Amino acid sequence: MSSVSTHTVNPVLRVAPAAPAEAAAYFRASLVFHADVSDVAAALSVEGDPGFVVLDSRSTEAWDQGHIPGAVHLPTALIPEQAEQLLDKSVPVVTYCWGPGCNGATRSALALAELGYQVKEMLGGFEYWAREGFEYETWEGRQRRDADPLTAPVDAEDCGC
């Protein structure tokens, strides 16, 4: 009889976690490059200048379906020729597109960074903006959906994270 090992490798720990200092550097860097929907909404809800501009990098058709109030509309393909007419290089830009399944915000952030803008990408995009129950504008006016309980707490202003 041969001995067959029934020991399986834990798929989570197949590759060991990074050392704490490496993990801290990685997660700190991630926060340098990203903002989440809730943080952007909180910053925009405060009276006065939030210190950044929000840029919607989607098509005009997508913009008309819904966009963040106050956002600048500049499709990614037009950034090289129009960014300097619409954006101030001294003001950080937060880009967004449809959602987590789309890399349009990443591509627009890259295009802006290559032109000398300070930029962050908004994680979750317009999808999570709407799913978390934040107000948005369409060609018909302002709208708001109930918060999706899978993405935002139902009875609290924020997730507490």
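Here's a quick rundown of the structure. (Residues numbered from 1 in each chain as written. Predicted model: local features only at pLDDT ≥ 70, side-chain atom pairs only at ≥ 80, totals over all residues. Heavy atoms only, no water.)

**What about the nonpolar core?**
Reasoning step 1: Core analysis: the largest hydrophobic core is formed by 17 residues, its most contacted members being Val 40, Val 54, Ile 68, Tyr 96, Met 122 and Trp 129.
Reasoning step 2: Those elements that place two or more of their residues in this core are helix H2 (37-45), strand S4 (93-96) and helix H6 (125-131).
Reasoning step 3: With 13 residues, the next largest nonpolar core counts Val 53, Leu 55, Leu 87 and Val 93 among its residues. (Core = buried A, V, L, I, M, F, W, Y, C linked by side-chain atoms within 4.5 Å. Buried < 20%, exposed > 50% of the residue type's maximum accessible area, 1.4 Å probe, protein only. Helix = DSSP H or I, 4+ residues; strand = E, 2+ residues; numbered from the N terminus.)

**Concerning the sheet that holds strand S2 (residues 53-56)**
Reasoning step 1: Strand order in the open sheet formed by 5 strands is S1-S5-S4-S2-S3, with parallel pairing between adjacent strands. Both edges of this open sheet fall to strand S1 (34-36) and strand S3 (72-73), since each of them pairs with a single strand only.
Reasoning step 2: Pairing of S1 with strand S5 (residues 119-123), which is carried by 3 bridges, proceeds in the parallel orientation. Residue pairing in the sheet places Ala 35 in a bridge with Met 122 of S5.
Reasoning step 3: Helix-sheet contacts for helix H1 (residues 20-33) involve S1 and S5, and the interaxial angle to S5 is about 95 degrees. (Pairing = 2+ DSSP bridges. Contact = heavy atoms within 4.5 Å. Axes fitted to C-alpha atoms, helices over the stretch in contact; angles between N-to-C directions.)

**Things to note about the packing of aromatic side chains**
Reasoning step 1: Under the counting rule described, the total for this entry stands at 4 aromatic pairs.
Reasoning step 2: A ring pair is formed by Phe 126 and Tyr 136, whose centres lie 5.3 Å apart and whose planes are at 85 degrees; its orientation type is edge-to-face. Residue Phe 126 is located in helix H6, and its partner Tyr 136 is located in strand S6 (residues 136-138); the two are separated by 10 residues in the primary sequence.
Reasoning step 3: For Tyr 136, a relative accessible area of 5% gives the class buried.
Reasoning step 4: Ring centres 5.1 Å apart and planes at 45 degrees place the aromatic pair Trp 129 and Phe 134 in the tilted group.
Reasoning step 5: Under the relative-accessibility criterion, Trp 129 is labelled buried at 4%.
Reasoning step 6: The cationic tip of Arg 58 hangs over the ring face of Trp 98; the distance from NZ or CZ to the ring centre is 4.5 Å. (Phe/Tyr/Trp six-rings, centres within 6.5 Å; stacked < 30°, edge-to-face > 60°. Lys NZ or Arg CZ within 6 Å of the ring centre and 35° of its normal.)

**Some points on the pairing of S2**
Reasoning step 1: Neither face of S2 is open: one carries Val 53 and Leu 55, the other Val 54 and Asp 56, and all of them are buried.
Reasoning step 2: The pairing of S2 with S4 spans 4 bridges and is parallel. Of the residues in S4, the one forming a bridge with Leu 55 is Thr 95.
Reasoning step 3: As defined by bridge partners, S2 adjoins S3 across 2 bridges and the pair is classed as parallel. From the neighbouring strand, Asp 56 faces S3, where its bridge partner is His 73.
Reasoning step 4: Of the crossover connections in this fold, the one passing from S2 over helix H3 (residues 60-65) to the parallel S3 is right-handed. (Right-handed = clockwise from strand over helix to strand, strands pointing away.)

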